[in-house]
Amino acid sequence: MRIDAYNQIAQIYKSTKPAKAQRTKDVSAERDEVQISSFGREYQIAKQAVANASDIREDKVANIKERVDSGNYSVDVNDFANKLLEKYNASLV
């Protein structure tokens, strides 16, 4: 393809006219504004509280650890087997 031929055709049809610059309004007078709903604010507070909370419930862990150390912690074998089967069956689905 010859570029100079394209330029000549473009000049004939004046398809390469420079676009006129348009004046825009003074944008410094206009400001963007964001409004967060009360639900959004509450959600942010709750999300922050969860993020700051520990993943481990120290009171529960301490109680169970104390019972295990003292030998008073017992697990019902049937309950354990049922929970194990529930988890296994849930993983198959």
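Along each chain, the written sequence defines residue order, and numbers are assigned to residues from 1. A pLDDT threshold of at least 70 governs which residues receive local features in this predicted model, and a stricter bar of 80 or more applies before side-chain atom pairs are shown or counted, although totals over entire chains, interfaces and linings include all residues. Heavy atoms throughout the structure, all of them, feed into the side-chain values; hydrogens and water do not.

Concerning the overall build of the protein chain
What counts, and what does not: The helix and strand labels rest on DSSP assignments: H or I over at least four residues marks a helix, E over at least two residues marks a strand, and numbering proceeds from the N terminus. For each residue, the accessible area found with a 1.4 Å probe, counting protein chains only, is set against the maximum for its type, and the residue is called buried under 20%, exposed over 50%, and partly exposed in between. For every accessible area listed, the method is Shrake-Rupley and the probe measures 1.4 Å; residues are considered covered only by the protein chains on display.
In terms of helices and strands, the protein chain carries four helices and zero strands. Going from N to C terminus, the protein chain has its helices and strands arranged as α-α-α-α. Considering the protein chain as a whole, with its 93 residues, one finds that 2% of them fall into the buried category. For the protein chain, the exposed area adds up to about 10,000 Å²; of that, 54% sits on carbon and sulfur atoms.

Quick word on the confidence of the model for the protein chain
Filter applied, for reference: Predictor confidence is given residue by residue as pLDDT, running from a minimum of 0 to a maximum of 100.
Residues with a pLDDT of 70 or more make up 76% of the protein chain, whose mean pLDDT is 84. Least confident of the elements in the protein chain is helix 1 (residues 3-13), whose mean pLDDT is 70; most confident is helix 4 (residues 77-92), at 95.

Focus on helix 2 (residues 38-52)
Note the following rule: Here, expected helix span is obtained from the residue count minus one, scaled by 1.5 Å.
Helix length check: helix 2, at 15 residues, gives a terminal C-alpha distance of 21 Å against a target of 21 Å (1.5 Å per residue), a fit within 8%. Taken across its 15 residues, helix 2 has one buried, putting it largely on the surface.

Topic: helix 4
Relative to the 22 Å expected for 16 residues at 1.5 Å per residue, helix 4 spans 23 Å between its end C-alpha atoms, a close match to the ideal helical length. Of all the 16 residues making up helix 4, zero are buried; the element is thus mostly uncovered.

A closer look at a nonpolar patch on the surface
The criterion, for reference: Exposure above 30% relative accessible area and the absence of a salt bridge qualify a residue for a patch, where like charges join within 9 Å and nonpolar side chains (Val, Leu, Ile, Met, Phe, Trp, Tyr) within 5 Å. Salt bridge, as used here, is a side-chain nitrogen of Lys or Arg placed within 4 Å of a carboxyl oxygen of Asp or Glu.
Nonpolar side chains collect at one region of the surface, where Ile 64, Val 68, Tyr 73, Val 75, Phe 80 and Leu 84 lie side by side and expose about 560 Å² of accessible area between them. Within the residue set of the nonpolar patch, elements represented by two or more residues are helix 3 (58-70) and helix 4. Along the chain, the position of Tyr 73 falls in the loop between helix 3 and helix 4.

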